[in-house]
Amino acid sequence: MGAMRIATAMEDVHYVLHAPQGDTYADLLFTMIERLQKRPPVTYTTFQARDLGGDTAELFKTAAREAYERFQPKAMLVGSSCTAELIQDDPGGLCKALNLPVPVVALELPSYQRKENWGASETFYQLVRNLALPADQIEKTPSSKPRCNILGPAALGFRHRDDLTEIRKLLTDMGIEINVVAPLTATPADIARLADAQFNVVLYPEIANLSAQWLQRQFGQAFTKTIPIGTGATRDFVREVAQLAGLDPEAALAKAELRAAWYARSVDSTYLTNKRVFVFGDATHAVAAARVAAQEMGFTVVGIGTYSREFAREVRDAAKLYGVEALISDDYLEIEARIAELNPELVLGTQMERHIAKRLGVPCAVISAPVHVQDFPARYSPQMGFEGANVLFDTWVHPLMMGLEEHLIGMFRGDSEFHEDAAPSHLGGGVHVQTAQAAAAVTSASTSAVPEQIVAPALNQAASQSTASILSAAWDAGAEKELKKIPFFVRGKARRNTEKYAIERGVTLITTETLYESKAYYSQS
């Protein structure tokens, strides 16, 4: 998948993948998730079980030859899927034997040992290493402006399209000429002329760091280290770029159109400060999001983590700034356990953490891949640059605001005007009286048919008296109703404290009185 993200991002590149039937799901991801207007440039050999008894090497050569003849790419990538690795057919060697008239880059991606981001990084690196020409072999374009390359944006990336638009505009406004953007929209000819730039702007280190380091060693091109996510980081990025380009950064900083800074000081935002937030994603977005959350939103970072093991050191260093322990893991169950343990009021993560947050009843905003179709919006929605800072404010604060709104609706649910059976308010008061009478009749019928006292099964009283320790306590209907009046962001803690209080005192059925006794007890301690 990492290799496909690079091939699909570029133009005039084709990827021939030695893969069995069943490993051919790239079309689904790129056309249905990212909603691209064309199929990904990938040809599969699609061998079947019966082919394993024959010559699968010849099958691959035929597929590669036909792919070149049909698509006429300017460069080809060849490799094996995780299943085809076991056959050991050597796609690179087989393709060289065909003597195709275009560069062929062989990919050796150990699928059982490495993850998607590493695959994207290695694929881009191999393309750069095989196609980039030295500066003395490039026909240079004279310019009075400083020139840079933008490295990192790829297909199936989180908001890469909009980030690129934002950063391209920012650099252009600074008076910097953009030589090549890669891999997104780049051709093999563009990769060949990467050396015709003074420095490189790295937007996504997970994909571009390896290539940027090679370009620095080979051509002496420095590259940026700051990721422009958030107001402070974008300002630091502008200053870093200005230093590399020999420009004055103040003019670009003066043009910044920024509403998030004012909004963050507004009454609504002040009401939301010190909210406890858990951050998880790829290293680039997790570290940047934690900085924005702590320094620009006024949140308290209670946890930070990443699945990008190659960048574990950077995430651990960031965790030290907030006095927390970094979670380096790709096990969603371990991540869910950490979120449940920390009990945050907001989760910033991937689509996996979005699912976890929904199960736990915690507001969530997606900040990083892996993502779903809703994270490729039709609107302009960058994460980077000054406009990206505005988008971050809206995206992160609104789940908390909506959560408060849901809490208010819940508080007034018993009101004659707001309960779930009430008619729309524009129909007049007479309707409300009728619906209230109907609701009362339904309630009366239901309470006569079903005992009101216990919703969850209570423990046997006699057994509890003979048991030294009670493991759980049930809630009666009144206590459950009262619990729902507590704001959602502390409701979980209130439930746990009450159950702990009840268990310690041998109470098997939690009533409204137990809830308030627990509240009084813990408010004193």
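About the cut-offs
- Residues numbered from 1 in each chain as written.
- Predicted model: local features only at pLDDT ≥ 70, side-chain atom pairs only at ≥ 80, totals over all residues.
- Heavy atoms only, no water.
- Salt bridge = Lys/Arg side-chain N within 4 Å of Asp/Glu carboxyl O.
- Helix = DSSP H or I, 4+ residues; strand = E, 2+ residues; numbered from the N terminus.
- Buried < 20%, exposed > 50% of the residue type's maximum accessible area, 1.4 Å probe, protein only.
- Phe/Tyr/Trp six-rings, centres within 6.5 Å; stacked < 30°, edge-to-face > 60°.
- Lys NZ or Arg CZ within 6 Å of the ring centre and 35° of its normal.
- Contact = heavy atoms within 4.5 Å.
- Pairing = 2+ DSSP bridges.
- Right-handed = clockwise from strand over helix to strand, strands pointing away.
- Axes fitted to C-alpha atoms, helices over the stretch in contact; angles between N-to-C directions.
- Polar contact = N/O pair within 3.5 Å; in protein donor to acceptor, adjacent residues only side chain to side chain.
- Patch = residues over 30% accessible without salt bridge, like charges linked within 9 Å, V, L, I, M, F, W, Y side chains within 5 Å.
- Areas by Shrake-Rupley, 256 points an atom, 1.4 Å probe, with all protein chains shown as cover.

Glancing now at the pattern of salt bridges. One pass over the structure, following the stated rule, counts 19 salt bridges. Taking the shortest distance from any N to any O, the salt bridge between Arg-239 and Asp-236 comes out at 3.9 Å. With Arg-239 and Asp-236 both in helix H10 (residues 231-245) and three residues apart, the pair spans about one turn of that helix. Classification of Arg-239 by relative accessible area gives partly exposed; the value is 38%. A salt bridge links Lys-275 to Glu-345, with the shortest nitrogen-to-oxygen separation between them at 3.8 Å. Placement of the pair is Lys-275 in the loop between helix H13 (267-271) and strand S9 (276-281) and Glu-345 in the loop between helix H16 (332-342) and strand S12 (346-349), with a sequence separation of 70 residues. Residues Lys-275 and Glu-345 agree in their burial class; the two are buried.

Turning to the packing of aromatic side chains, a few remarks are in order. Here the structure, examined in full by the defined rule, presents five aromatic pairs. Consider the rings of Phe-280 and Tyr-307, whose centres lie 6.5 Å apart with planes at 45°: the pair is tilted. You can see Phe-280 sitting in strand S9 and its partner Tyr-307 sitting in the loop between strand S10 (300-306) and helix H15 (312-321), a full 27 residues away along the chain. On the numbers, 5.0 Å between centres and 85° between planes, the contact of Tyr-521 with Tyr-522 is edge-to-face. By relative accessible area, Tyr-522 is classed as partly exposed at 22%. An aromatic cluster is defined as three or more aromatic residues linked by ring pairs; in this entry it consists of Phe-278, Phe-280 and Tyr-307. Over the ring of Phe-223 we find Lys-225, and its NZ or CZ is 4.1 Å from the ring centre.

Attention now goes to the environment of Ile-510. Among the secondary structure elements, Ile-510 is positioned in strand S15 (residues 509-510). Taking the relative accessible area as the measure of exposure, Ile-510 reaches 0% and is therefore buried. Residues Ile-510 and Glu-480 lie 30 residues apart in sequence; the distance between their C-alpha atoms is 8.9 Å. Here Ile-510 is in contact with Ala-473, Ala-474, Trp-475, Asp-476, Ala-479, Thr-498, Glu-499 and Ala-502, once residues within four sequence places are set aside.

It is worth spelling out the pairing of strand S5 (residues 147-151) at this point. Extensive coverage of S5 is indicated by the burial of five of its five residues. Judged by which residues are buried, S5 turns out to be covered on both faces: Arg-147, Asn-149 and Leu-151 on one side and Cys-148 and Ile-150 on the other are all buried. Bridge analysis of S5 against strand S6 (residues 177-182) gives four bridges, and the strand direction is parallel. Counted as the bridge partner of Cys-148 is Ile-178 from S6. What joins S5 to S6 is helix H7 (residues 160-173), and the crossover it makes is right-handed. When S5 meets strand S7 (residues 199-202), the two strands line up parallel, connected through four bridges. Of the residues in S7, the one forming a bridge with Ile-150 is Val-201.

This part is about unusual backbone geometry. Residue Pro-183 is bonded to the preceding Ala-182 through a cis peptide linkage, with omega at 0°. Inspection of the secondary structure puts Pro-183 in the loop between S6 and helix H8 (188-192). A cis amide bond, omega 5°, links Ala-369 with the succeeding residue Pro-370. Looking at where Pro-370 falls in the secondary structure, it is placed in the loop between strand S13 (364-366) and helix H18 (385-411). Phi is positive for Leu-156, close to 60°, though the residue is something other than glycine. Mapping Leu-156 onto the fold places it in the loop between S5 and H7. Of note in the backbone geometry, Asn-343 takes a positive phi value of approximately 50° without being a glycine. Mapping Asn-343 onto the fold places it in the loop between H16 and S12. Assessed through its relative accessible area of 23%, Asn-343 is described here as partly exposed.

Let us look at the sheet that holds S9. Here we have five strands laid out as an open sheet, ordered S11-S10-S9-S12-S13, and parallel in their pairing. Each edge of the open sheet is held by one strand with a lone partner, namely strand S11 (326-328) and S13. Between one strand and the next, the sheet's axes are offset by a mean angle of 15°, whatever the strand orientation. Bridge analysis of S12 against S13 gives three bridges, and the strand direction is parallel. Paired with Gly-349 across the strands is Val-366, a residue of S13. Sitting on the sheet, helix H17 (residues 351-360) touches S9, S12 and S13, and the angle it makes with S13 is about 170°.

Right, let's get into the side chain of Glu-480. On the secondary structure map, Glu-480 appears in helix H21 (residues 477-483). Among the polar contacts made by the side chain of Glu-480, one reaches the side chain of Arg-495 at a distance of 3.2 Å. Residues contacting Glu-480, with those up to four places away along its chain left out, are Trp-475 and Arg-495.

Attention now goes to a nonpolar patch on the surface. A grouping of Tyr-25, Leu-28 and Met-32 is seen on the molecular surface, where their side chains present a nonpolar patch of about 330 Å² in accessible area. Residue position: Tyr-25 is located in the loop between strand S1 (13-18) and helix H2 (26-33).

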